[in-house]
Amino acid sequence: GLKNDLNCFAKFSYIYETDIKKLVKEIDFSNKYKDAFQHSWKKLKKQVKYAKINELENFVIENGNNNYSLYYTKSKVLILDFCRHFRNSFSHALTTRKQGILFINDKKGVKNTCLGFVNYSDAKQFIIEIINEYELRAND
């Protein structure tokens, strides 16, 4: 379950809405969240890939069938889109966790815009690093 993650993921949602949402380019993110970008994103990036909405309609989550495990539609930049889809999935109670895997689902109406999973500890570390960097700047 995600009970232990509620505070952490809620903080991330706030940071997304007040800060990350305004970013436009990957360099904007990497300048603001250096640790998250340089450390955790490298692991997460290998797990995500863009897909078209019609591809997600017929998508079946199968672990180990290919190199990627999380697919989502393109809007801006891979890292910013991950943050958006994760925030939406969590905020709409579509995120679940089982045996070290974090399942992320995002929808626009009835259509999936994000579907799949990532390694839980990789995602959690990414989010914690974002929170830590945000809070450091807030205390300056």
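See the structure printed just above.
Read on for a plain summary of the structure. Treat the numbers as computed from the prediction; the structure is a model and nothing was measured.

## Topic: the pairing of strand β5 (residues 111-119)
Inference 1: Of all nine residues making up β5, seven are buried, and the element is well covered by its neighbours.
Inference 2: One ladder, built from three bridges, connects strand β2 (residues 70-72) with β5; its direction is antiparallel. Residue pairing across strands places Tyr72 opposite Cys114, the latter belonging to β5.
Inference 3: Bridging between strand β4 (residues 101-108) and β5 involves eight bridges; their strand directions are antiparallel. Among the inter-strand pairings, Asp106 is bridged to a residue of β5, identified as Cys114.
Inference 4: Between the antiparallel neighbours β4 and β5 lie two residues, among them Gly109 with a positive phi of about 70 degrees.

## A look at helix α1 (residues 6-18)
Inference 1: A rise of 1.5 Å per residue sets the reference length of α1, with its 13 residues, at 18 Å; its end C-alpha atoms lie 18 Å apart and thus fit the reference within 8%.
Inference 2: Of the surrounding elements, those touching the buried residues of α1 are α5 (78-91), β4 and α6 (120-138).

## Topic: unusual backbone geometry
Inference 1: Even without a glycine there, the phi angle at Ala93 is positive, about 60 degrees.
Inference 2: On the basis of relative accessible area, Ala93 is assigned to the exposed category, the value being 67%.
Inference 3: With a phi angle near 45 degrees, Gln99 is a residue other than glycine that sits in the positive phi range.
Inference 4: Within the element layout of this structure, Gln99 appears in the loop between β3 (96-98) and β4.

## Focus on the packing of aromatic side chains
Inference 1: Going through the model one piece at a time under the given rule, you end up with 12 aromatic pairs.
Inference 2: Note on Phe9 and Phe86: the rings are 5.0 Å apart at their centroids and 85 degrees apart in plane angle, and the pair reads as edge-to-face. In this pair, Phe9 is assigned in helix α1 and Phe86 in helix α5, connecting sequence segments 77 residues apart. Across the pair, Phe86 and Phe9 agree in class, each one buried.
Inference 3: Summarising the aromatic geometry, the rings of Phe82 and Phe126 are spaced 5.8 Å apart at their centres and angled 75 degrees between planes, so their arrangement reads as edge-to-face. With Phe82 in helix α5 and Phe126 in helix α6, this residue pair connects regions lying 44 residues apart in the sequence.
Inference 4: On the basis of relative accessibility, which here comes to 1%, the residue Phe82 falls in the buried class.
Inference 5: The class of Phe126 is buried, set by a relative accessible area of 0%.
Inference 6: In this structure an aromatic cluster arises from ring pairing among Phe9, Phe12, Phe29, Tyr33, Trp41, Phe82, Phe86, Phe90 and Phe126.

Conventions and cut-offs
Residues numbered from 1 in each chain as written. Predicted model: local features only at pLDDT ≥ 70, side-chain atom pairs only at ≥ 80, totals over all residues. Heavy atoms only, no water. Buried < 20%, exposed > 50% of the residue type's maximum accessible area, 1.4 Å probe, protein only. Helix = DSSP H or I, 4+ residues; strand = E, 2+ residues; numbered from the N terminus. Pairing = 2+ DSSP bridges. Expected span 1.5 Å × (residues − 1). Contact = heavy atoms within 4.5 Å. Phe/Tyr/Trp six-rings, centres within 6.5 Å; stacked < 30°, edge-to-face > 60°.

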